[in-house]
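Residue-level structure breakdown
Here is what each chain is made of, one letter per residue.
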Amino acid sequence: MNTSDNQGGGHMMIAKACLNLGEYEEAIKYVELGTDYFYKDSPNQINIKEYSFLSNFYLKNYSKAKEISDRIRIIKNVKPGTFLYAKWLYYHANIEFANKDFKSTLKTLKRQSFLKSDKSGWRLGYRILELMSLIDLEQYDAIPFRLETFRKLLRTITKENVERPKLMLLLLNRLVKENFDFSSVSKKHKDLLELLQKADGLYYWDAEGYEVTRFDEWWATKLTAKRVHAE
């Protein structure tokens, strides 16, 4: 632990642990303590900043999260056409979605279509965010085709656990059949929504993963919006 990199690495490990425990303010603190142990704009510094971005995002500090995302994307080594750039652009799309700018979310997703060919779970995140944006824009005619694309994508993933996104697909298919009545689907499939909300076991939510905007939390906002409108 005597070298600068080791000091930074220690702080990074603690920040990572805090993030996964949901202790977001603590994670941000350790990122701030550890950042300067790494060379400016080095891969390690970018990696530790990711924990700060995610923590701020989950705390709904969207302006701070955007500041971090904007800063990372102009770093010389974060080149367009690479996975790293595409991931940070995807993070930016999630900020736009959080700010209810759904049209911009879709435009940003199209800019980083590189993720669609990614062999890991990030292409699932791309599709999920796209579906949620289309639903929020009430572009319902596009949903069945996108859901079929999502279904085919899930079939190609054989080594990773995809039980959580499979549950999302099931709920969204039910939503189409119920004419996008979130309340009706929620009542009929309360048990499935609870599995997503508990987010453990096979349906674990990964704080570092592709589901930056949690599907179950988004679904809950649709129910809240309907109640407010009814009142």
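Above this text sits the structure in question.
Residues numbered from 1 in each chain as written. Predicted model: local features only at pLDDT ≥ 70, side-chain atom pairs only at ≥ 80, totals over all residues. Heavy atoms only, no water.

Things to note about the overall build of the protein chain
If you tally the helices and strands in the protein chain, you get 12 helices and 0 strands. Ordered by position from N to C terminus, the α and β elements of the protein chain give α-α-α-α-α-α-α-α-α-α-α-α. Expected size for 231 residues packed as a compact globule is a radius of gyration near 17 Å; at 19 Å, the protein chain falls within 12% of this value. For the protein chain, the C-alpha atoms occupy an extent of roughly 60 × 40 × 35 Å along the three principal directions. Evaluated residue by residue, the protein chain yields a buried proportion of 49% over its 231 residues. Of the contacts formed within the protein chain by residues at least 6 apart in sequence, a portion of 62% connects residues at least 24 apart. A total of about 12600 Å² of accessible surface is found on the protein chain, and carbon and sulfur atoms cover 51% of it. Charged side chains of the protein chain number 38 positive and 31 negative; the gap between the two group centres comes to 6 Å. (Helix = DSSP H or I, 4+ residues; strand = E, 2+ residues; numbered from the N terminus. Rg over C-alpha atoms; globule rule 2.2 N^0.38 Å. Buried < 20%, exposed > 50% of the residue type's maximum accessible area, 1.4 Å probe, protein only. Contact = heavy atoms within 4.5 Å. Areas by Shrake-Rupley, 256 points an atom, 1.4 Å probe, with all protein chains shown as cover. Lys, Arg positive; Asp, Glu negative; His and termini not counted. Charge placed at Lys NZ, Arg CZ, Asp CG, Glu CD.)

Section: the packing of helix α5 (residues 83-98) against helix α6 (residues 102-111)
Their axes nearest at 8 Å, the elements α5 and α6 cross at an angle of 170°. What the angle tells us is that α5 and α6 run roughly antiparallel. In contact with Tyr-85, Leu-89, Tyr-90, His-92, Ala-93, Glu-96 and Phe-97 of α5, α6 contributes Phe-102, Ser-104, Thr-105, Thr-108, Leu-109 and Arg-111. (Axes fitted to C-alpha atoms, helices over the stretch in contact; angles between N-to-C directions. Parallel < 35°, antiparallel > 145°, perpendicular 65-115°, else oblique.)

Quick notes on helix α11 (residues 190-198)
Three or more residues of α11 are buried, namely Leu-192, Leu-193 and Leu-196. Angular distribution of buried residues about the axis of α11 spans 100°; they occupy a single face of the element. Of the residues in α11, the exposed ones pointing more than 90 degrees away from the buried face are Lys-190 and Lys-198. (Arc of directions from axis to C-beta.)

Looking at the nonpolar core
Core analysis: the biggest nonpolar cluster contains 69 residues, and Phe-53, Tyr-58, Leu-172, Phe-215, Trp-218 and Trp-219 have the highest contact counts within it. The element best represented in this core is helix α7 (residues 122-136), accounting for 9 residues. Beyond its immediate chain neighbours, meaning those up to four positions away, Trp-219 contacts Leu-171, Leu-172, Leu-175, Phe-182, Val-185, Ser-186 and Leu-193. (Core = buried A, V, L, I, M, F, W, Y, C linked by side-chain atoms within 4.5 Å.)

Section: α6
Taken together, the buried positions of α6 are occupied by Phe-102, Thr-105, Leu-106, Thr-108 and Leu-109. Along the axis of α6, the buried residues cluster in a sector spanning 165°; they form a single face. Facing away from the buried surface of α6 by more than 90 degrees, the exposed residues are Lys-103, Lys-107, Lys-110 and Arg-111. Check the buried side of α6 and you find it contacts α5 and α7.

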